[in-house]
2 protein chains.
Amino acid sequence: MDRFVSNYTLRLDAKGRVSIPAPYRAVLARDGYEGLYCYPALDQPAVDAGGNALLAEIEALITRYPHYSDERDAFTLALYGTSETLKIDTEGRVILPDTLKAHAGIADAISFVGLGHKFQIWEPGRFRAQLAEATGTVRALKKQLGSRVAAHEAHGARE
Amino acid sequence: MDRFVSNYTLRLDAKGRVSIPAPYRAVLARDGYEGLYCYPALDQPAVDAGGNALLAEIEALITRYPHYSDERDAFTLALYGTSETLKIDTEGRVILPDTLKAHAGIADAISFVGLGHKFQIWEPGRFRAQLAEATGTVRALKKQLGSRVAAHEAHGARE
DNA sequence: TTGACGACCATAAGGTCCCATGTTATCCCA
DNA sequence: TGGGATAACATGGGACCTTATGGTCGTCAA
């Protein structure tokens, strides 16, 4: 598999270490990035993490704006400036810096959430709440799409 | 055959394993996806499952919305975040995670239901009830749309 | 020297692989 | 066409490996 999916809740040990779920490690290994690239999510109490695919996305976002523009400076500062590359130990674990733990409100357990090209790190309780909210949103949106699709089908479009 | 059709009810063994019906395995093999992609159905107590065809549908659903939009984030979280890629063992069996079993209310038996490009996994009792309800709905709709459908079929629409 | 950190080792639980068995469906040949 | 051989499939169980997690020891730096 080549994308991050599913979610896993794991505990930090006494030294603050936490295993990256094995399936995610497999994706990272395929992606070819050494370590774990991560930074605080812009509008959520979570940490974005990934490998080269995530880095490429960041870069695309920044290069959208012209050199020396205020927007570019702001993005560069906010994203690159707060990013960390975490070392992955021989057992596949990382240690989250205190700044990232504080941003996400993480104490002794974390939830990993696959989002395709990247994954997020949440405090388990907040993650459950966020997931419930997102699920509600999706249900509502899908209902909207449903009626549009139904109208479409009525013309005889088959699949 | 390249579509999931028919339904099968199979039992879970003591280790929680369940065979994927052989006809479905054949479809998955043709589809070329390694493993079984699945996630909790949004508005039913069931699990949606399939291969690349299902994954493509999910992706299409997500990419309908622009990057960085709230809608897209919600879809990504709710769909990728709750998806699982189950490993299929050498005998063609999978183990459903507890989260999926809980969502569908599955204990010791499950019903596989073919829906074309994907299939669903139900608790057998709930499936029977759902099927009865759907049959009633279809009967009513068919009666109501009978003349329109007949006219449509006359153009050569198959099936 | 002490404390933080990284490399290495240990272990229990769960997952995966492999082999075995009974039952059903399919095929083939008389 | 009938019946036996054969293959496919669902199911069961045991051995082994992976993973998550905990701990120890040495090293480097403040």
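Reference entry: report on the structure contained in this document.

What counts, and where the lines are drawn
Residues numbered from 1 in each chain as written. Chains lettered and ligands numbered in written order. Predicted model: local features only at pLDDT ≥ 70, side-chain atom pairs only at ≥ 80, totals over all residues. Heavy atoms only, no water. Near = heavy atom within 4 Å. Polar contact = N/O pair within 3.5 Å; in protein donor to acceptor, adjacent residues only side chain to side chain. Helix = DSSP H or I, 4+ residues; strand = E, 2+ residues; numbered from the N terminus. Buried < 20%, exposed > 50% of the residue type's maximum accessible area, 1.4 Å probe, protein only. Pairing = 2+ DSSP bridges. Axes fitted to C-alpha atoms, helices over the stretch in contact; angles between N-to-C directions. Contact = heavy atoms within 4.5 Å. Buried area = accessible area lost by both parts, 1.4 Å probe. Salt bridge = Lys/Arg side-chain N within 4 Å of Asp/Glu carboxyl O. Core = buried A, V, L, I, M, F, W, Y, C linked by side-chain atoms within 4.5 Å. Parallel < 35°, antiparallel > 145°, perpendicular 65-115°, else oblique. Nonpolar A, V, L, I, M, F, W, Y, C, P; charged D, E, K, R; others polar.

### A short note on the protein's contact with DNA strand D
So, step 1. Among the 24 residues in the neighbourhood of DNA strand D, the closest are listed as K15(A), R17(A), D13(B), K15(B) and R17(B).
So, step 2. When the atoms of DNA strand D within 4 Å of the protein are sorted by group, sugar and phosphate make up 43%.
So, step 3. The separation between a base oxygen of DNA strand D and a polar side-chain atom of R17(A) is 2.8 Å.

### Some details on the side chain of S69(A)
So, step 1. Looking at the secondary structure, you find S69(A) in the loop between α2 (52-63) and α3 (70-79).
So, step 2. Judged by its relative accessible area of 12%, S69(A) is buried.

### Some details on the sheet that holds strand β7 (residues 109-114) of chain B
Backbone hydrogen bonds are what pair the strands of a sheet, in a parallel or an antiparallel way.
All names here are of chain B.
So, step 1. The antiparallel open sheet is built from 6 strands, whose spatial order is β1-β7-β8-β4-β3-β5. Both outer strands of the open sheet, β1 (7-11) and β5 (84-86), are each paired with one neighbouring strand and no more. Taking the axes of each pair of neighbouring strands and ignoring which way they run, one obtains an average angle of 30° across the sheet.
So, step 2. Examined bridge by bridge, β7 and strand β8 (residues 119-122) share 4 bridges and lie antiparallel to one another. When the sheet's bridge partners are listed, S111 is paired in β8 with W122.
So, step 3. Contacting β3 (36-40) and β4 (47-50), helix α2 (residues 52-63) runs over the sheet at an angle of about 45° to β3.

### Topic: unusual backbone geometry
So, step 1. Unlike most non-glycine residues, S6(A) shows phi in positive territory, near 70°.
So, step 2. Phi is positive for Y68(B), which is not a glycine, with a value near 70°.
So, step 3. Tracing the backbone shows Y68(B) in the loop between α2 and α3 (70-80).

### Side note on the pairing of β7(B)
On any regular strand, side chains alternate: one points to one face of the sheet, the next to the other face.
All names here are of chain B.
So, step 1. Counting buried residues in β7 gives 6 out of 6 residues, a clear majority hidden from the surface.
So, step 2. Because side chains alternate across β7, one face comprises the buried residues A109, S111 and V113, and the other comprises I110, F112 and G114, equally buried.
So, step 3. Relative to β7, β1 runs antiparallel, the two sharing 5 bridges. Bridge pairing in β7 places N7 opposite V113.

### A short note on the interface of chain B and chain A
Where the parts come together, the accessible area they lose is often given as the size of the interface.
So, step 1. Listed per partner, the contact involves 28 residues of chain B and 28 residues of chain A.
So, step 2. Here chain B meets chain A over a buried area of about 2500 Å², counting both sides, of which 62% is carbon and sulfur.
So, step 3. Together, L42(B), Y68(B) and L77(B) form the three largest contributors to the area buried by chain B at its contact with chain A, with a combined 26%.
So, step 4. Along the contact surface separating chain B from chain A lie 1 salt bridge.

### Examining the nonpolar core
So, step 1. Of all hydrophobic cores here, the largest spans 28 residues; its most connected members are Y37(B), I58(B), F75(B), L77(B) and L79(B).
So, step 2. Breaking this core down by element, the ones donating at least two residues are α5 (124-153) of chain A together with β3, α2 and α3 of chain B.
So, step 3. Apart from residues no more than four positions distant in its own chain, L79(B) is found in contact with Y37(B), Y39(B), I58(B), L61(B) and I62(B).

### Considerations on the packing of α2(A) against α3(A)
All names here are of chain A.
So, step 1. Where α2 contacts α3, the two axes come as close as 9 Å, and the packing angle between them is 155°. As far as their axial angle goes, α3 and α2 are roughly antiparallel. In contact with I58, L61, I62 and T63 of α2, α3 contributes R72, F75, T76 and L79.
So, step 2. Tallied by class, residues from the contact of α2 with α3 come to 5 nonpolar, 2 polar and 1 charged.

### Thoughts on the pairing of strand β3 (residues 36-40) of chain A
Residue and element names in this part refer to chain A.
So, step 1. With 5 of 5 residues buried, β3 lies mostly within the body of the structure.
So, step 2. Burial of the side chains of β3 extends over both faces: L36, C38 and P40 are buried on one face and Y37 and Y39 on the other.
So, step 3. Pairing geometry for β3 and strand β4 (residues 47-50), over 4 bridges, is antiparallel. Each bridged residue has a counterpart across the sheet, and for P40 the counterpart in β4 is V47.

### A word on the sheet that holds strand β7 (residues 109-114) of chain A
Residue and element names in this part refer to chain A.
So, step 1. Taken together, the 6 strands give an open sheet; going across it, the order is β1-β7-β8-β4-β3-β5, and neighbouring strands pair in antiparallel fashion. Two strands lie at the open edges of the sheet, namely β1 (7-11) and β5 (84-86), each paired on one side alone. Looking at each pair of strands side by side, their axes are set apart by 30° on average, direction ignored.
So, step 2. Judged from the 3 bridges that link them, β3 and β5 form a sheet pairing that is antiparallel. Residue pairing in the sheet places L36 in a bridge with L86 of β5.

### Some points on the pattern of salt bridges
So, step 1. All told, the structure shown has 11 salt bridges over all chains when counted by the stated rule.
So, step 2. In this structure, the salt-bridge partner of D89(A) is R93(A), at a minimum N-O distance of 3.3 Å.
So, step 3. Here R17(B) and D13(B) are joined by a salt bridge, their closest N and O atoms 2.7 Å apart.
So, step 4. Salt bridges sharing common partners tie together D13(A), R17(A), D89(A), E91(A) and R93(A).

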